[in-house]
Amino acid sequence: MTLNKTTGSTGTTLVIGATGTTGGRTAAQLIAAGHRVKAAGRRATPLPGAEPVRFDWYDPTTFGDALAGVDRAYLVPPIGDPDPAAVMTPFLREARAAGVRRAVLLSSSAIPEGGPAVGAVHQALPGLFEQWAVLRPSWFMQNFTGAHAHADGIRDDGVIRTAAGTGRVGFVDADDIAAVAVHALTNDRAPNSDLVLTGPETLSHDDIARILTQVTGRPVVHHPLPYEDMRDRLATVIPPEFAAMLAAMDRAIAEGAEDRTTDTVQRLTGRPPTPFRVVAKRELHEMSLAGRLRAHRPTGRESRV
């Protein structure tokens, strides 16, 4: 294994979504390594060691200030938008004109270049920047511990609901995604490719429930749903088109689409990816979720799980 060295004098990196799951971790790791960071978000939330700046994908008047003095950018697409290219492409053109030389885009292992949603942005990126990378992580381990519907279901009633059946996924730690993002942003040589990121093993949602039960001491179960039920459930909180896409991703998991692991994290960071059990122990302890998970009580709803 050969790791290219990271640059010691990069310019300023714009981190979009700097308070989010991967953006926050990427910003923190960049700052810890001594890099200058502009932390972008709709509220310009202060972040220790970074320059906060207001940014909204749907407000082009925020683009100029966000891009001032920036030479590279970490791009988190707008959440829940089935056509992010419509707002991202004008920004990316403005970024190139403003002097951004390197762009690293967060996508998904489930979405290929030219595919739906962010797949169109992936396809456009190499034509806009000579230095680029597209991160295509598998499903986040933090979906079960952080601010996500799965984590909410676990906290509320000890249930994970999916249309993934017994399909297996190479769930990946968001810290590992951020470490690869930092490498892609600061290495002397940009990857100029897409990078599929996974954890060290594939797990079913039943495996996830079992591990969480062992780690928290509270019962957690996986409740599989038909595709249509999952789609309709999601559509109560997100746009129907996006709900259908996410439910279809679950169905693809059931069919084996995510049953794979890669060596990308090890190859680019020099360390192996983190197992889910380690992440669960770390994050559930840090957030005191184990103490907040509700003990199951004999109710009608639980009897139907």
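Fair warning: this is a prediction, and the values are worked out from it, not measured in the lab. (Residues numbered from 1 in each chain as written. Predicted model: local features only at pLDDT ≥ 70, side-chain atom pairs only at ≥ 80, totals over all residues. Heavy atoms only, no water.)

Trainee: So what exactly am I meant to see when it comes to the overall build of the protein here?
Mentor: A tally of helices and strands in the protein yields 13 helices and 11 strands. For the protein, the C-alpha radius of gyration of 19 Å lies close to 19 Å, the compact-globule estimate for 305 residues. Taken along the three principal axes of its C-alpha coordinates, the protein extends 60 × 35 × 35 Å. Taken over 305 residues, the protein has a buried fraction of 51%. (Helix = DSSP H or I, 4+ residues; strand = E, 2+ residues; numbered from the N terminus. Rg over C-alpha atoms; globule rule 2.2 N^0.38 Å. Buried < 20%, exposed > 50% of the residue type's maximum accessible area, 1.4 Å probe, protein only.)

Trainee: Sorry if this is basic, but what is going on with the packing of aromatic side chains here?
Mentor: What describes a pair of aromatic rings is the distance from one ring centre to the other and the angle between the planes of the rings. The tally for this structure, following the rule as stated, stands at seven aromatic pairs. Taken together, the ring pairs connect Phe-55, Trp-57, Phe-63 and Phe-91 into an aromatic cluster. Lying across the ring of Tyr-227, Arg-251 places its NZ or CZ 4.0 Å from the centre. (Phe/Tyr/Trp six-rings, centres within 6.5 Å; stacked < 30°, edge-to-face > 60°. Lys NZ or Arg CZ within 6 Å of the ring centre and 35° of its normal.)

Trainee: Quick question: what am I supposed to make of the packing of helix α1 (residues 21-32) against helix α6 (residues 174-186) here?
Mentor: The axes of two packed helices give the description: the angle between them and the distance between them. One can describe the packing of α1 onto α6 by two numbers: an axis separation of 8 Å at closest approach and a directional angle of 55°. Between α1 and α6, the crossing angle belongs to the class labelled oblique. Considering how the two elements wind past one another, α1 and α6 form a crossing that is right-handed. Counting all contacts with α1, which are made through Thr-21, Thr-22, Arg-25, Thr-26, Gln-29 and Leu-30, the residues of α6 involved are Ala-174, Asp-175, Ile-177, Ala-178, Ala-179, Ala-181, Val-182, Leu-185 and Thr-186. Taken together, the residues that form the contact of α1 with α6 break down as eight nonpolar, five polar and two charged. (Axes fitted to C-alpha atoms, helices over the stretch in contact; angles between N-to-C directions. Parallel < 35°, antiparallel > 145°, perpendicular 65-115°, else oblique. Left-handed = near helix turned anticlockwise from the far one by under 90°. Contact = heavy atoms within 4.5 Å. Nonpolar A, V, L, I, M, F, W, Y, C, P; charged D, E, K, R; others polar.)

Trainee: Please explain the confidence of the model for the protein as it appears in this structure.
Mentor: Atomic detail in the predicted coordinates should be set aside for any region of low pLDDT. For the protein, the mean per-residue pLDDT works out to 91, and 91% of the residues sit at or above 70. Considering only residues more than four positions removed or in separate chains, one finds that residues 289-305, a stretch of pLDDT under 50, has 24 contacts. (pLDDT = per-residue confidence, 0-100.)

Trainee: I would appreciate a short explanation of the packing of helix α7 (residues 205-216) against helix α11 (residues 276-286) in the present structure.
Mentor: At a minimum axis separation of 10 Å, α7 and α11 run at an interaxial angle of 45°. In terms of axis orientation, α7 runs oblique to α11. The handedness of the crossing between α7 and α11 comes out as right-handed. For the pair α7 and α11, contact is made by Ile-208, Arg-210, Ile-211, Leu-212, Gln-214, Val-215 and Thr-216 and by Phe-276, Arg-277, Ala-280, Lys-281 and Leu-284, respectively. The class makeup of the residues in the contact of α7 with α11 is seven nonpolar, two polar and three charged.

Trainee: So what exactly am I meant to see when it comes to the sheet that holds strand β2 (residues 36-41) here?
Mentor: Either a parallel or an antiparallel arrangement is found when strands of a sheet pair, and the pairing is made through backbone hydrogen bonds. Reading across the sheet, the seven strands line up as β3-β2-β1-β4-β5-β6-β9 and stay open at both edges, with parallel pairing between neighbours. Taken across any chain shown, the strands that pair with only one partner, and hence form the sheet edges, are β3 (51-54) and β9 (193-197). For this sheet the average axis-to-axis angle between neighbouring strands, irrespective of direction, equals 20°. Of the strand pairs in this sheet, strand β1 (residues 12-16) and strand β4 (residues 72-75) are connected by three bridges, and their pairing is parallel. Paired with Leu-14 across the two strands is Ala-73, which belongs to β4. Contacts from α1 reach β1, β2, β4 and β5 (102-106), with the element oriented near 160° to β1. Across the sheet, helix α3 (residues 85-98) touches β1, β4 and β5, and the angle it forms with β4 is around 170°. (Pairing = 2+ DSSP bridges.)

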